[in-house]
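Descriptive structure summary
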Amino acid sequence: MTKNESPLNVRGLCKHYPAFSLRDVSFSLEPGAITGFIGRNGAGKTTTLNSILSFVRPDGGEVAFWGMQMADRAAEIKQKIGFVSAGMTYYTSKKLKTITAVTRSFYPAWDENAYQKWMRAFELDEEKTPAALSNGMKIKYALALALSHGADLMLLDEPTSGLDPISREELIEIFLSLRDEGKTILFSTHITADLDKCADRILFLQKGNLTADMPLSSFADAYRLIECTGEIPPEVQSLALGVCRVRGGSTALIEKEKAAEAGWPVRQPTLDEIMVHLEKEDAQ
């Protein structure tokens, strides 16, 4: 494992279900960066993460962590990975200290000083049970566990889903701090406003297909938004990648290079606006 080696390299990942297929997903994570994994609910983000982590058996493709295969060096890899999901559950009536004791037993490299540091930083009380924690505090507890066994790669599945704006902001600041420490983060979410604040790169999944893999700044700069009162005129409609109704009119997403051709005032769209309009295009 070298400093500049990709913590996660995925090639040709496939998983087929009767009503859904993940098709030939390939990407590599940059060390020490936050990569946003976006797509609407049902696009395949969780299926991708579950396949990467071998929670489900993929039907094809290869997954390597720092050049290592999970089948060959699972124990070593699992020491370096932290997985946090909004859907994670714990024994609701067990105290946190009991859950921690069980978790600690699985990790020879457990760092008790790091654990205590994160518990203090997150203002978590070991005497409480998961049932007594808010959703945001449950996510923080899961992060404290992951960071206490030396995880360098954090795989986050919808960690801010269902949280209030203040709790989401607190978690974003934590993720930025982890990046500053050199941690690599894959952040799966459909709340794109969170990624506007922290992501370096974007992976965009649509109906099981990876349609974009690039720096966030490049992805955002590739498009322009036109706002019209009433209906979108034909000359704009012909260039539109997607059209949405808004209060007082409509908006159309176009490629940046075609802004002059449209002949209308344009502005830079948000990541959320880009995703929504491209999903509109995909549905047509």
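To start, this report covers the structure provided alongside it. (Residues numbered from 1 in each chain as written. Predicted model: local features only at pLDDT ≥ 70, side-chain atom pairs only at ≥ 80, totals over all residues. Heavy atoms only, no water.)

Observations regarding the nonpolar core
Within soluble globular proteins, side chains that are nonpolar tend to cluster in buried spots. Within the largest apolar cluster, 50 residues are counted, with the highest numbers of intra-cluster contacts made by Tyr141, Leu143, Met154, Phe175, Phe187 and Phe219. Of all the elements, helix α5 (residues 135-147) adds the most residues to this core, at 8 residues. Setting aside its immediate chain neighbours within four residues, Met154 contacts Gly82, Val84, Leu143, Ala146, Leu147, Thr184, Ile185 and Leu186. Core analysis: the next-biggest nonpolar cluster, separate from the first, contains 25 residues, Leu8, Leu53, Met68 and Met70 among them. (Core = buried A, V, L, I, M, F, W, Y, C linked by side-chain atoms within 4.5 Å. Buried < 20%, exposed > 50% of the residue type's maximum accessible area, 1.4 Å probe, protein only. Helix = DSSP H or I, 4+ residues; strand = E, 2+ residues; numbered from the N terminus. Contact = heavy atoms within 4.5 Å.)

Focus: the side chain of Ser250
Along the chain, Ser250 turns up in strand β13 (residues 249-255). In terms of polar contacts, Ser250 uses its side chain to reach the backbone carbonyl oxygen of Gly230, at 3.2 Å. With residues up to four places along the chain from it excluded, the contact list for Ser250 reads Ile226, Glu227, Cys228, Gly230, Ile232, Val243, Cys244 and Arg245. (Polar contact = N/O pair within 3.5 Å; in protein donor to acceptor, adjacent residues only side chain to side chain.)

Some points on helix α6 (residues 165-180)
Since there are 3.6 residues in each turn of an α-helix, residues three or four apart along the chain are aligned in direction. With 16 residues, α6 extends 23 Å between its outermost C-alpha atoms, agreeing within 8% with the 22 Å of an ideal straight helix rising 1.5 Å per residue. For α6, every residue scored as buried is listed here: Ser167, Arg168, Leu171, Ile172, Ile174, Phe175 and Leu178. Viewed end-on, α6 has its buried residues packed into an arc of 160 degrees, placing them on one side of the element. Exposed residues pointing more than 90 degrees away from the buried face of α6 are listed as Pro165, Ile166 and Asp180. In the core, the buried residues of α6 are packed alongside β3 (34-38), α4 (112-121), α5, β7 (153-157), β8 (184-189) and α7 (192-198). Between the side-chain oxygen at the start of α6 and the backbone nitrogen of Ile166 there is a gap of 3.0 Å, and the oxygen is on Asp164. (Expected span 1.5 Å × (residues − 1). Arc of directions from axis to C-beta.)

Considerations on the pattern of salt bridges
Counted according to the given criterion, the structure contains 17 salt bridges. The partner of Lys45 in a salt bridge is Glu158, with the nearest N and O atoms 3.6 Å apart. Here Lys45 is found in helix α1 (residues 45-52), whereas its partner Glu158 is found in the loop between β7 and α6, with 113 residues between them in sequence. The buried category is assigned to Lys45, whose relative accessible area is 5%. Overall, Glu158 belongs to the buried group, its relative accessible area being 12%. In this structure, a network of salt bridges that share partners links the residues Glu30, Arg201 and Asp213. (Salt bridge = Lys/Arg side-chain N within 4 Å of Asp/Glu carboxyl O.)

Brief notes about unusual backbone geometry
Despite not being glycine, Ser54 shows a phi value in the positive range, around 65 degrees. One can find Ser54 in the loop between α1 and β4 (60-65). If you check the backbone angles, Glu123 has positive phi at about 55 degrees while not being a glycine. Here Glu123 shows up in the loop between α4 and α5.

A few points about the pairing of β7
Along β7, 5 of the 5 residues are buried, which leaves the element largely enclosed by surrounding structure. The side-chain alternation of β7 yields two buried faces, one formed by Leu153, Leu155 and Asp157 and the other by Met154 and Leu156. Relative to β8, β7 is paired through 5 bridges, and the arrangement is parallel. Looking at the pairing, Asp157 lines up with Ser188 of β8. As for the winding sense of the linkage, the β-α-β connection from β7 through α6 to β8 is right-handed. (Pairing = 2+ DSSP bridges. Right-handed = clockwise from strand over helix to strand, strands pointing away.)

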